[in-house]
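Observations on the three-dimensional arrangement
Here's the letter readout for the chains.
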Amino acid sequence: MKKKTKYNWKSAILHKDATINKAIKNLSDTSLQICLVVSKSGKLEGTLTDGDIRRAMLKGFTLKDKVIKAMKKDPFVVTKKLDRKSIRYLMKANTLLQVPIVDNHRKIVGLHLWNEMPQIKIKDNLVVLMAGGFGKRMRPKTNNIPKPMLKVNGRPILEQVIESVRDCGFKNIIITTHYLKDKIINYFKDGKKWGVNISYICEDKPLGTAGSLGLIKEIINKPILVTNGDVISNINFSEILDYHNFHKADATMAVRILERPNPFGVIEHDGILIKNITEKPISQSTINSGIYVINSKQVKKVKPNKYYKMTDLFLDIKNTGKKTIVFPMHESWRDIGRIQDIEVKKLKKN
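This text gives an overview of the structure that appears in the document. (Residues numbered from 1 in each chain as written. Predicted model: local features only at pLDDT ≥ 70, side-chain atom pairs only at ≥ 80, totals over all residues. Heavy atoms only, no water.)

**Concerning the overall build of the chain**
- Tallying secondary structure elements over the chain gives nine helices and 18 strands in all.
- The C-alpha atoms of the chain give 26 Å as radius of gyration, which overshoots the globular expectation for 350 residues (20 Å, by more than 25%).
- Considering only C-alpha atoms, the chain reaches an extent of 75 × 65 × 55 Å along its principal axes.
- Counting over 350 residues, the chain shows a buried share of 43%.
- Sequence separation of 24 or more characterises 69% of the internal contacts of the chain that already satisfy a separation of 6 or more.
- Counting only carbon and sulfur atoms, one obtains 52% of the accessible surface of the chain, whose full area is about 20500 Å².
- With 65 positive and 33 negative side-chain charges, the chain shows a spacing of 4 Å between the two charge centroids. (Helix = DSSP H or I, 4+ residues; strand = E, 2+ residues; numbered from the N terminus. Rg over C-alpha atoms; globule rule 2.2 N^0.38 Å. Buried < 20%, exposed > 50% of the residue type's maximum accessible area, 1.4 Å probe, protein only. Contact = heavy atoms within 4.5 Å. Areas by Shrake-Rupley, 256 points an atom, 1.4 Å probe, with all protein chains shown as cover. Lys, Arg positive; Asp, Glu negative; His and termini not counted. Charge placed at Lys NZ, Arg CZ, Asp CG, Glu CD.)

What follows is the structure, encoded as structure tokens:
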């Protein structure tokens, strides 16, 4: 049996002075469906595909013309720092089969191919999105709209959370609602538009950050993912679920390290004698990120219509001798809790 040849992305590189005829040969030889057009220094000048060549021919270009005349001069690129989940999302959203990887000087350092992206395994675990709060700290912006529906970078926060969950393979979603619930239900409906199945829990009265779990009617015997509906994060939800299962935990909380610099020198002393001086020390604390995995048996213990905080639920689970653990997350994370959180985003975008 003939071994399948794996082509190196470097074989797709062409100098900008190369001819279209050479580009056609390159596309045929590499099977990568793209040519990476570079300058002498290796800086990416553009990309060329079969489609680009066809369009050039229709405009009257010949095989002897240089690729620089036919290439796409401002191609979509990414850096090495961008994670695979985000790359997959961007490629899907922009219908791209290839994305060049560049460094800070726009030199080619790699190539992402859609058919080499890891396939997402569909999971039937239930995902609960908490979206019933009043958003009092965000008023007046939340006078007529629930906080999870406020827009960050042009789209509702909750929509971004749903897409992030979906892109990790989760399809079964429950959104818990209370304040201005119709704004959420009328927007997302059954979730078909986003490729997920959405149902709703409507709280008659506020039940806290965990109380609505007691209103879930059907719970399968699998861990349940729970996340606040106003948290934008780049966390891989599949990884926290795998982590939870690997450690055989009963409840897992995603946490972040929060660093707070002290602008002053801190003096350690014994009476009037100075023992040590630390200039502008940084204190660290571990904070709750609002993302959890909880075993179904523990969720079933939550009584209906009882006000319940998520932190109290974790302590109750721990106090019964069950295993409660933390998942240290280092991905981007943003809790939209103040008006400044949205306004700062807009300034950065512009």
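There's plenty left to go through after this.
**Section: the nonpolar core**
- Formed by 32 residues in total, the largest nonpolar core has its most connected members in Leu129, Leu158, Ile162, Ile173, Ile175 and Phe188.
- Elements with a minimum of two residues in this core: β6 (123-130), α4 (157-166), β9 (170-177), α5 (181-188), α6 (237-246) and β16 (282-294).
- Residue contributions to this core peak at five residues, all from α4.
- Once residues within four sequence positions are removed from consideration, Leu158 is found in contact with Leu129, Ala131, Pro148, Met149, Ile175, Ile184, Phe188 and Gly229.
- Counting 23 residues, the second-largest nonpolar core is a separate cluster that includes Val128, Ile174, Tyr308 and Met310. (Core = buried A, V, L, I, M, F, W, Y, C linked by side-chain atoms within 4.5 Å.)

**A look at helix α8 (residues 310-319)**
- When α8 is considered as a whole, its buried residues turn out to be Met310, Leu313, Phe314 and Ile317. In a view along the axis of α8, the buried residues occupy a sector of 100°, so they form one face of it.
- Two residues or fewer past α8, Gly321 is found with a positive phi of approximately 90°. (Arc of directions from axis to C-beta.)

**Topic: the packing of aromatic side chains**
- Going through the model one piece at a time under the given rule, you end up with six aromatic pairs.
- Between Tyr292 and Phe314 the ring centres are 5.6 Å apart and the planes differ by 50°, which places this aromatic pair in the tilted class. With Tyr292 in strand β16 and Phe314 in helix α8, this pair connects stretches of sequence that are 22 residues apart.
- Counting every residue linked through ring pairs, the aromatic cluster contains Tyr187, Phe188 and Trp194.
- Residue placement shows Lys123 over the ring face of Phe170; its charged tip is 5.1 Å from the ring centre.
- One residue, Lys306, lies across the ring of Tyr308, its end atom 4.9 Å from the ring centre. (Phe/Tyr/Trp six-rings, centres within 6.5 Å; stacked < 30°, edge-to-face > 60°. Lys NZ or Arg CZ within 6 Å of the ring centre and 35° of its normal.)

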